[in-house]
Amino acid sequence: MAYKFEVEQVDAWFGAKQALKQISMKIKENSITAIIGPSGCGKTTLLRCFNRMHELVPDARVSGRLLFDGQNIYDDDVDPVKIRRRMGMVFQRANPFPMMSIFDNVAVGLKMNGVRNKAKLREAVERSLKRAYLWDEVNDALDKSGVSLSGGQQQRLCIARALAVEPEVILMDEPCSALDPTATAKIEQLIMGLKEQYTVVIVTHNMQQAARVSDYTAFLYLGELVEYAETVPLFENPRMELTEQYITGKFG
Amino acid sequence: MVRLMDIGLERLKNMTIDMAKLSENTVSTAIDAYIQSKDVSGEIHKWSEELRILQDEVSELAVEVIARYQPVASDLRFIRSCMEISYGFSRFGRYAYDISQVLGTFGDLSKCDKSLVKKAGEQAKEMIRMSIKSFTGRDAELAKKVRNMDSVVDEIYLQGVENAAKTRQDDFKCSVSALLILRYLERIADHATYIGDSVVYTITGERSPRK
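Here the structure is a predicted model, which is why all the values come from computation and not from measurement.

Asker: Describe in detail the overall build of chain A, supporting the description with residues and values.
Answerer: In terms of regular secondary structure, chain A is built from 10 helices and 10 strands. Relative to the compact-globule value of 18 Å for 252 residues, chain A shows a C-alpha radius of gyration of 18 Å, a close match. Scored against the burial criterion, the 252 residues of chain A give a buried share of 52%. Once local pairs closer than 6 in sequence are excluded, the contacts in chain A between residues at least 24 apart make up 67%. Working note: accessible area of chain A is about 11600 Å², and carbon and sulfur atoms make up 50% of it. One finds the centroid of the 31 positive side-chain charges in chain A at a distance of 5 Å from the centroid of its 32 negative side-chain charges.

Asker: Talk me through the interface of chain A and chain B; I want residue IDs and the actual numbers.
Answerer: Between chain A and chain B, the residue contacts involve 12 residues of the former and 12 residues of the latter. Carbon and sulfur atoms make up 46% of the area that chain A and chain B hide from each other, which totals about 980 Å². Run the count over chain A and chain B and you get one salt bridge. Of the charged contacts in the structure, one is a salt bridge between D75 of chain B and K250 of chain A, with a shortest N-O distance of 3.8 Å.

Asker: Mind laying out the sheet that holds strand β7 (residues 169-173) of chain A, listing which residues take part and the relevant values?
Answerer: Residue and element names in this part refer to chain A. The six strands are arranged β6-β7-β8-β3-β9-β10 in an open sheet whose pairing can be described as mixed. Looking at the sheet topology across the chains shown, the edges are occupied by β6 (87-90) and β10 (224-230). Each adjacent strand pair in this sheet contributes to an overall mean axis angle of 15°, direction not counted. Both β6 and β7 contribute to a ladder of four bridges, which runs parallel. Across the sheet, M87 pairs through a bridge with V169, a residue of β7. With respect to the sheet, helix α6 (residues 151-164) is in contact with β6 and β7, its orientation differing from that of β6 by roughly 170°.

Asker: Account for the packing of helix α1 (residues 4-35) of chain B against helix α3 (residues 73-106) of chain B, naming residues and giving values.
Answerer: Any two packed helices are characterised by the angle at which their axes cross and by the distance between the axes. Residue and element names in this part refer to chain B. Closest axis-to-axis distance for the α1/α3 pair is 9 Å, and the angle between their directions is 20°. With respect to α3, the element α1 is oriented roughly parallel. Judged by the sense of rotation from one axis to the other, the crossing of α1 with α3 is left-handed.

Asker: An account of the packing of aromatic side chains is requested, with residue identities and associated values reported.
Answerer: Applying the stated criterion across every chain, the model contains eight aromatic pairs over all chains. For the pair F219 of chain A and Y246 of chain A, a centre-to-centre distance of 4.9 Å together with 15° between the ring planes defines the contact as stacked. Here Y246 of chain A lies in helix α10 (residues 241-247) and F219 of chain A lies in strand β9 (residues 216-221), a separation of 27 residues in the sequence. When the centroid spacing of 5.9 Å and the interplanar angle of 55° are considered together, the rings of F89 of chain B and F92 of chain B count as tilted. A residue pair is termed a helical-turn pair when its members lie 3 or 4 positions apart in one helix, as F89 of chain B and F92 of chain B do in helix α3 at three residues. The buried category is assigned to F89 of chain B, whose relative accessible area is 0%. Taken together, F5, F50 and F68 of chain A form an aromatic cluster joined through their ring pairs. Cation over ring: R61 of chain A sits above W13 of chain A, and NZ or CZ is 4.0 Å from the ring centre. A cation over a ring is seen here: R161 of chain A above F97 of chain A, with NZ or CZ 4.7 Å from the ring centre.

Asker: Explain the state of the cysteines residue by residue, including any values.
Answerer: Enumeration over the complete set of coordinates arrives at one disulfide over all chains. Between the sulfur atoms of C112 of chain B and its disulfide mate C174 of chain B the distance is 1.9 Å. For the disulfide bridge between C112 of chain B and C174 of chain B, the dihedral angle about the S-S bond is near -75°, and by the sign convention the bridge is left-handed. Linking C112 of chain B in the loop between α3 and α4 (115-136) with C174 of chain B in helix α6 (residues 172-204), this pair joins segments that are 62 residues apart in sequence. Residue classification places C112 of chain B among the buried residues on the basis of a relative accessible area of 10%. Overall, C174 of chain B belongs to the partly exposed group, its relative accessible area being 22%. This cysteine, C41 of chain A, is not joined by any disulfide, and C49 of chain A carries the nearest cysteine sulfur, 13 Å off. Here C158 of chain A stays unpaired: no disulfide links it, and the sulfur of C176 of chain A, its closest cysteine neighbor, is 12 Å away.

Asker: A description of unusual backbone geometry should follow, citing residues and the corresponding values.
Answerer: Residues and elements named next belong to chain A. Although it is not a glycine, Q22 adopts a positive phi angle of roughly 50°. Secondary-structure assignment places Q22 in strand β2 (residues 17-28). Given the relative accessible area of 43%, Q22 is considered partly exposed.

Asker: So what's going on with the sheet that holds strand β4 (residues 60-68) of chain A? Which residues, and what values?
Answerer: In sheet architecture, strand pairing relies on hydrogen bonds along the backbone and comes in two forms, parallel and antiparallel. Residues and elements named next belong to chain A. Strand order in the open sheet formed by four strands is β2-β1-β4-β5, and the pairing between neighbours is antiparallel. Of all the strands in the sheet, the pair left with one neighbour each is β2 and β5 (71-72). Bridge analysis of β4 against β5 gives two bridges, and the strand direction is antiparallel. If you follow L67 over to β5, its bridge partner there is N72. The strands touched by helix α1 (residues 43-50) within the sheet are β1 (3-14), β2 and β4, with β2 carrying the most contacts at an inclination of about 60°.

Asker: An account of the environment of Y184 of chain B is requested, with residue identities and associated values reported.
Answerer: Residues and elements named next belong to chain B. Counting through the fold element by element, Y184 comes out in helix α6. Along the sequence, Y184 and V117 sit 67 residues apart, while their C-alpha atoms lie 10 Å from each other. Discounting chain neighbours no more than four positions away, the residues touching Y184 are Y95, D98, I99 and V102.

Asker: Could you give an account of the pairing of β7 of chain A, with specific residues and numbers?
Answerer: Residue and element names in this part refer to chain A. Burial of β7 is extensive: five of the five residues sit out of reach of the surface. With five bridges joining them, β7 and strand β8 (residues 199-203) adopt parallel strand pairing. Bridge pairing in β8 places D173 opposite V203. Tracing the backbone out of β7, into helix α7 (residues 181-194) and back to the parallel element β8 gives a crossover that is right-handed.

The rules behind these values
Residues numbered from 1 in each chain as written. Chains lettered and ligands numbered in written order. Predicted model: local features only at pLDDT ≥ 70, side-chain atom pairs only at ≥ 80, totals over all residues. Heavy atoms only, no water. Helix = DSSP H or I, 4+ residues; strand = E, 2+ residues; numbered from the N terminus. Rg over C-alpha atoms; globule rule 2.2 N^0.38 Å. Buried < 20%, exposed > 50% of the residue type's maximum accessible area, 1.4 Å probe, protein only. Contact = heavy atoms within 4.5 Å. Areas by Shrake-Rupley, 256 points an atom, 1.4 Å probe, with all protein chains shown as cover. Lys, Arg positive; Asp, Glu negative; His and termini not counted. Charge placed at Lys NZ, Arg CZ, Asp CG, Glu CD. Buried area = accessible area lost by both parts, 1.4 Å probe. Salt bridge = Lys/Arg side-chain N within 4 Å of Asp/Glu carboxyl O. Pairing = 2+ DSSP bridges. Axes fitted to C-alpha atoms, helices over the stretch in contact; angles between N-to-C directions. Parallel < 35°, antiparallel > 145°, perpendicular 65-115°, else oblique. Left-handed = near helix turned anticlockwise from the far one by under 90°. Phe/Tyr/Trp six-rings, centres within 6.5 Å; stacked < 30°, edge-to-face > 60°. Lys NZ or Arg CZ within 6 Å of the ring centre and 35° of its normal. Disulfide = S-S within 2.5 Å. Right-handed = clockwise from strand over helix to strand, strands pointing away.

Written out as structure tokens, the structure is:
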């Protein structure tokens, strides 16, 4: 089994404050990995290290090696923009571009990459919306504003936007935390389908969501990787007492 | 911090302990009554039914706790074990009832040699006691010992089979009735072993292969 990511002794800081401490883990290709842990444990920071977004924060820095398809993305000669193009990102709050139509929201990445051929754009938009399980709900309203959709639809629109540029990895930062159970179920179903083509890493506060959708789960606490294992064994019989305490709600 | 789920888990534990006491007494009474040629089938039937009802209640509560709180880790293992263990206790009740029926089926057995049943009965009762103690005391080491004791009952049962195969026509009633009871005791011992296995699973997460 090929590893999409190999994280080797990664530290991350915000100024003098260390957010991640010596994180080492490997993420298999075409798998779904959930990152769980209490607020402030470094989940989002770790996710943002995967596509070099962490360093966009002033005073933020990273050390260690993070191999993406065997290449250390923190090597001096690596262009972070090129790395980010290979990874789609979905955020907690759906963030469609408010002035754009549904069609343009999906096509925007391709247009920015220079694609002008209308037939190609149309094909990519349809394909992406279908993969995001949104096509049937919007195919007769592609010229309507993206923000006219419901919260769950907007989030799937954002996923379609991420998929349109044909990434290899989808990074999701609590993608369902603002959604109701029905919308959450649709996104979870979508996530499960994505792993056939993509490697998915998802940060979630919702442990049941991690248990439902992921193949592997990483538990972070105070910036350290406490336990990283296959999801079912981790939720049935965690090896570390701290994991047990956290997932059973006996913390603190 | 007391969690809402803890209230359900405590009730589950208490119900399982109630079953433990009742099932131990039921098996013990049935074995002793056979040895003393005493008919206790009425009482045993009543207790066996109680155990069956209690097992249903444990299952219902377990499902409720799962539905309400989505337990994981040691909580989840405990609930699964309570369901398995309560099933074991209800089987004790059922086999005790089967033992109590033997006298009614075969009639007077007071002249029969009951030494094998006595031996297997003592061993099975001890296994039940140990499995219950391991559950109430969360003692994985004690629970593992129950598994090691199972072979003794198996051997006595096989001895009973051999005896029955060689039996003379006039001893037929004694050997077949003893063999039936030995078979029930052998099953009781197996279930005591499973209860021990469930206790080990609750504590360590390790599962033993079923026999």
